[in-house]
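Architecture at a glance
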Amino acid sequence: MLCPPAVRAALLSVYENDRIPHALIFEGGPEQTLALAKWLAQAAVCTAPGVHPCGQCPGCIKAQAGSHPDITLAGGGETGRSFHKEEILALRSDTFIKPNEAPCRVFILQNAQNLSPQAQNALLKVLEEPPASVQFLLTCDRASSLLATVRSRSQIYTLTEAQPPQDDGLAEQIALAVCSSKESGLLYLTAPLLRDKLRLRAVLERLTLLFRDALALRSGGKALLPEDETAYKLAQSLTRAQLYQMTQTTREARGWVERNANTPLMVTVLCARLRSEAAAF
Ligand SMILES: [Zn+2]
């Protein structure tokens with residue numbers, strides 16, 4: 001997940017201790033905050049034992065495809081006050097319905113900075129007496145644009161410092177180079193990662209997201225990063241089986257980083273595996 005280390009640590013502590021608040025606010029860029037909200041929603045509806053989200057159980061598959069009955073994505077238009085009270089009132093009545101198949105129901109309110117004051121007051125009513133097993137995930141550019149009463153009932157996480165700017169586009173270039181017939185491009189692109197574990201971790205997170213998005217697109221679902229062209233290109237040139245395998249490989253490589261594997265060796269093995277997976281039909 002594209003998430004600053006401090007935010008990741010705070011979220012981990014909240015989730016590990018089962019002190020999950022009814023409302024979380026993520027402030028930052030629209031793409032990044034929405035990706036995090038969707039990832040946490042998937043984690044909430046994942047029904048596999050062990051680490052959530054597993055990415056493979058029926059709950060995760062439906063969440064990735066945007067079709068999980070216990071995840072509701074709502075948002076207004078592009079402008080201020082375009083997220084109306086009526087939409088919140090409709091959601092509010094849904095909060096009293098028991099979850100269909102997950103342990104809880106998750107409501108993602110996208111671009112919450114556009115909530116009208118009336119809509120925020122309607123939301124506040126739910127946050128004051130939240131039904132059990134209901135979670136609200138709000139994304140917005142600045143939490144300060146929300147009413148103080150809403151903020152005080154939520155936990156706020158700031159994501160703006162997530163990615164060092166020099167990583168812009170590196171994961172995308174690597175993903176496309178993996179599918180290219182020239183091996184030199186991939187060697188050149190991955191060279192900066194050999195001695196920079198933090199950057200490698202960020203690139204691996206992004207690669208996993210890109211392959212997963214391409215897999216979702218290939219399966220007729222929606223991309224988490226719909227404005228990114230790379231996932232569309234990958235979906236056009238690779239099969240579902242290949243994309244699935246490559247998602248697994250990058251996810252596995254993230255585990256190697258966490259276990260402090262030998263970085264140059266790991267990058268070499270990763271490139272070789274991705275290339276052979278991209279070439280195999
Ligand atoms: Zn799962």
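Residues numbered from 1 in each chain as written. Predicted model: local features only at pLDDT ≥ 70, side-chain atom pairs only at ≥ 80, totals over all residues. Heavy atoms only, no water.

The name given to the protein in an unreviewed UniProt entry is DNA polymerase III subunit, and the organism recorded there is Caproicibacterium amylolyticum.

Regarding its fold elements, the protein presents twelve helices and five strands. Relative to the globule expectation of 19 Å for 281 residues, the C-alpha radius of gyration of the protein, 20 Å, shows essentially globular dimensions. Taking the principal axes of the C-alpha coordinates as reference, the protein spans close to 60 × 35 × 35 Å. Looking at the protein as a whole, 49% of its 281 residues are labelled buried. In the protein, of all internal contacts separated by at least 6 residues, the share reaching a separation of at least 24 is 72%. When the accessible surface of the protein is split by element, carbon and sulfur atoms take 54% of a total near 13500 Å². Positive and negative side-chain charges of the protein, numbering 29 and 27 respectively, have mean locations separated by a distance of 2 Å. (Helix = DSSP H or I, 4+ residues; strand = E, 2+ residues; numbered from the N terminus. Rg over C-alpha atoms; globule rule 2.2 N^0.38 Å. Buried < 20%, exposed > 50% of the residue type's maximum accessible area, 1.4 Å probe, protein only. Contact = heavy atoms within 4.5 Å. Areas by Shrake-Rupley, 256 points an atom, 1.4 Å probe, with all protein chains shown as cover. Lys, Arg positive; Asp, Glu negative; His and termini not counted. Charge placed at Lys NZ, Arg CZ, Asp CG, Glu CD.)

This part covers the domain arrangement of the protein. What the domain assignment reports for the protein is domain 1 (5-158) and domain 2 (170-279). Between the C-alpha centres of domain 1 and domain 2 there is a distance of 28 Å. Each partner contributes residues to the interface: domain 1 has ten residues there, and domain 2 has 13 residues. Taking both sides of the interface into account, the surface hidden between domain 1 and domain 2 amounts to around 940 Å²; carbon and sulfur atoms contribute 45%. Per-residue buried area on domain 1 facing domain 2 is highest for E31, Q56 and Q64; these three make up 47% of the total on that side. For the interface between domain 1 and domain 2, the tally reads one salt bridge. The partner of E31 in a salt bridge is R206, with the nearest N and O atoms 3.4 Å apart. Applying the counting rule to domain 1 against domain 2 returns two residue pairs in polar contact (both at pLDDT 80 or more). Elements represented by at least two residues in the side of domain 1 that touches domain 2 include exactly α2 (30-45) and α3 (58-65). (Domains from an automatic or database assignment. Buried area = accessible area lost by both parts, 1.4 Å probe. Salt bridge = Lys/Arg side-chain N within 4 Å of Asp/Glu carboxyl O. Polar contact = N/O pair within 3.5 Å; in protein donor to acceptor, adjacent residues only side chain to side chain.)

Attention now goes to the coordination of the zinc ion. Every protein donor of the zinc ion is listed here as C46 (SG), C54 (SG), C57 (SG) and C60 (SG), and their distances to the metal cover 2.3 to 2.4 Å. One can describe the donor arrangement at the zinc ion as tetrahedral, given that its four donor atoms subtend angles of 107 to 113° at the metal. One chain supplies every donor for the zinc ion, spaced along it as C-x7-C-x2-C-x2-C. By relative accessible area, which is 8% here, C57 ends up buried. Residue classification places C60 among the buried positions, given a relative accessible area of 0%. (Donors = N, O, S within 2.8 Å, 3.2 Å for Na, K, Ca; no water. Tetrahedral: all angles 85-135°; square planar, octahedral: opposite > 155°, others 65-115°.)

Moving on to helix α1 (residues 5-16). Along its twelve residues, α1 runs 16 Å from first to last C-alpha, staying within 8% of the 16 Å computed at 1.5 Å per residue. Close packing links the buried residues of α1 with β1 (23-27), α2 and β5 (155-158). (Expected span 1.5 Å × (residues − 1).)

Turning our attention to the packing of helix α4 (residues 85-94) against helix α5 (residues 117-128). Between α4 and α5, the shortest axis-to-axis distance is 8 Å and the interhelical angle comes to 15°. Here α5 runs roughly parallel to α4, going by the angle between their axes. Classified by chirality, the crossing of α5 by α4 is right-handed. Residues K85, I88, L89 and R92 of α4 form the contact with α5, whose participating residues are Q118, A119, A122, L123, K125 and V126. (Axes fitted to C-alpha atoms, helices over the stretch in contact; angles between N-to-C directions. Parallel < 35°, antiparallel > 145°, perpendicular 65-115°, else oblique. Left-handed = near helix turned anticlockwise from the far one by under 90°.)

Turning our eyes to something else, we now look at the pairing of β1. Summarising burial for β1: five of the five residues are buried, a large majority. Neither face of β1 is open: one carries A23, I25 and E27, the other L24 and F26, and all of them are buried. In the sheet, β1 pairs with strand β4 (residues 134-140) via five bridges, with the strands oriented parallel. The partner of A23 across the bridge, within β4, is F136. The sheet contact formed by β1 and β5 spans four bridges and is parallel. Bridging from a neighbouring strand, F26 pairs with Y157 of β5. (Pairing = 2+ DSSP bridges.)

Here E277 lies in helix α12 (residues 263-279). Look at E277 and you get buried, because its relative accessible area is 11%. Filtering out sequence-adjacent residues up to four positions away, E277 remains in contact with Q242, Q245, M246 and T249.

A separate point is the packing of helix α11 (residues 240-258) against α12. Close contact between α11 and α12 brings their axes to 9 Å; oriented N to C, the two are set at 175°. Judged on the interaxial angle alone, α12 and α11 are roughly antiparallel. From α11, Q242, Q245, M246, T249, T250, E252, A253, W256 and V257 reach across to α12, where they touch M266, V269, L270, R273, L274, E277, A278 and A279. Residue composition of the contact of α11 with α12, by class: ten nonpolar, four polar and three charged. (Nonpolar A, V, L, I, M, F, W, Y, C, P; charged D, E, K, R; others polar.)

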